[in-house]
Structure formats: structure tokens, C-alpha cells
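As a plain string of letters, each chain reads:
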Amino acid sequence: MLDTLLIVVAALAVITAIVVTAVRRSRADGSAGMLPPPADLQDHLQQLIAGGRKVQAIKVLRERAPGIGLKQAKAVVDAVERGTALHAALAASGHRPPPTPAIPPDLRDHLLRLIAQGRKIEAIKVLRGRLPSLGLKQAKDIVDSLEAGAPALGSQTPPPGIPAATADLADRVRALKA
């Protein structure tokens, strides 16, 4: 029994050490592993630049602007440092976010059913399984927009990849959730 207790204590000590190390590494860049929302990205980049952490600013920009290359990110950070607005610097660099792939109607209907059943994580897995080019964040954003009944689901302007014809089904999903 004493041997088992010692093994459990040792295992807990190892797990604690791993967690502490991971937390320290995530805080080493000063962001505590969290990125600012898009509206605050320019302010965050300016703070990093002002603090002499230009490399970190480039890393943050590359995390937040999918598909941007290192050279483009450096050019954008340099422009922000000179006082250019972030959106203008991104446009001038030629950066265009990767397009959202079209979601087949049968897949969209299946995702809406899963969401209505409260199986959002499974919906994300199904979406990534059918469209392997999607990253986790992009798939989650698509599922979130479907769950929220995105403006596209019932309004005149559908988001990329989601036809306006989903309005009726989206209304039914919202009614089920209510």
C-alpha cells in the first residue's frame, strides 16, 4: 500500500512539473497564451513593437492572419511601426486570407442536426473529416456561425461557402434550440 501511495505522489509531482513548465513557457511571451480579439490586434502589435518585441509581433500576426508568409508579416509589422493602420498594411502587402471552402448542402444539413442535438464538437470533427483542408479554428468558426444562425442563414448576404438556401433549415434549428 505504501508503494502505491509513493507511486501516486511521484506521478502527481511529475504532472505538476509538466503543467508548471507549460504555463511558464506560454507566459514567456507576455501573452499568457491568449491572443487579442481582431479589433485589438493593431493595439497589441503596437504594444509589442514599443516594448522592443518586434519578433513576437510578427509571430502574433502570423498566428492571427492565416496564410501570411514571414516576409509579408515582417513588412506589415514594419508598416504598423511606421504608423500605418493594420488593415491598410495587410492590404498593401497583398495578403488575402484563405477562402472558406464551399460546404455541400448534405454536409451543412448534417452539421445543423448535430448542432441542434448539442453535439457541436462532433459537428467540428465531421466537418474536418469531410473537408480536410480546414484547420481546427476555421472549422470551429464555421460551426459557430451555423450555431448562431449566422447572418447568412436567413438574411440576404450569406457568408462564403454557405448558400442563402439554408435559411429555412437554420430557422428550424433555432426553433428547436429555443
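Residues numbered from 1 in each chain as written. Predicted model: local features only at pLDDT ≥ 70, side-chain atom pairs only at ≥ 80, totals over all residues. Heavy atoms only, no water.

Participant: Explanation requested: the environment of P104 in the structure shown.
Facilitator: By the secondary structure assignment, P104 is in the loop between α5 (86–93) and α6 (105–116). Between the alpha carbons of P104 and L131 there is a distance of 9.9 Å; along the sequence they are 27 residues apart. (Helix = DSSP H or I, 4+ residues; strand = E, 2+ residues; numbered from the N terminus.)

Participant: Where do I start with helix α8 (residues 136–147) in this structure?
Facilitator: Given 3.6 residues per helical turn, the α-helix brings residues three or four places apart onto the same face. Here α8 spans 16 Å end to end across twelve residues, near enough to the 16 Å set by a 1.5 Å rise per residue. For α8, the full list of buried residues reads A139, I142, V143 and L146. One side of α8 holds all its buried residues, which, seen down the axis, span an arc of 95°. Turning to α8, the residues buried within the fold contact α6 and α7 (120–130). Of the residues flanking the end of α8, it is G149, one or two places downstream, whose phi is positive at about 70°. (Expected span 1.5 Å × (residues − 1). Buried < 20%, exposed > 50% of the residue type's maximum accessible area, 1.4 Å probe, protein only. Arc of directions from axis to C-beta. Contact = heavy atoms within 4.5 Å.)

Participant: How should I be thinking about the packing of helix α4 (residues 70–81) against α5 in this particular structure?
Facilitator: In a pair of packed helices, the angle between the axes and the distance between the axes together describe the arrangement. Close contact between α4 and α5 brings their axes to 9 Å; oriented N to C, the two are set at 140°. Seen along the crossing, α4 lies across α5 with a hand that is right-handed. The segment α4 lies against α5, with Q72, V76, A79 and V80 engaging L86, A89, L90 and S93. Its residues assigned to classes, the contact of α4 with α5 shows six nonpolar, two polar and no charged. (Axes fitted to C-alpha atoms, helices over the stretch in contact; angles between N-to-C directions. Left-handed = near helix turned anticlockwise from the far one by under 90°. Nonpolar A, V, L, I, M, F, W, Y, C, P; charged D, E, K, R; others polar.)

Participant: How should the pattern of salt bridges be read in this particular structure?
Facilitator: Opposite charge on two side chains permits pairing when their charged atoms draw close. Within this structure, the stated rule accounts for nine salt bridges. Note that E122 and R119 form a salt bridge whose closest N and O atoms lie 2.8 Å from each other. Note on E122: relative accessible area 34%, which makes it partly exposed. Between E147 and K120 there is a salt bridge; the shortest N-O distance is 3.1 Å. Taken together, the residues E147 in helix α8 and K120 in helix α7 connect sequence positions 27 residues apart. Note on E147: relative accessible area 28%, which makes it partly exposed. Taken together, the shared-partner salt bridges in this structure form one network comprising K54, K74, D78 and E81. (Salt bridge = Lys/Arg side-chain N within 4 Å of Asp/Glu carboxyl O.)

Participant: Explain the nonpolar core here, please?
Facilitator: Burial of nonpolar side chains together is a common tendency in soluble globular proteins. Core analysis: the largest hydrophobic core is formed by 18 residues, its most contacted members being L45, L61, I68, V76 and L86. Those elements that provide at least two residues to this core are α2 (41–50), α3 (54–64), α4 and α5. No other element matches α4, which puts five residues into this core. With residues up to four places along the chain from it excluded, the contact list for V76 reads L61, I68, L86, A89, L90 and S93. Counting 15 residues, the second-largest nonpolar core is a separate cluster that includes L107, L112, I115 and V143. (Core = buried A, V, L, I, M, F, W, Y, C linked by side-chain atoms within 4.5 Å.)

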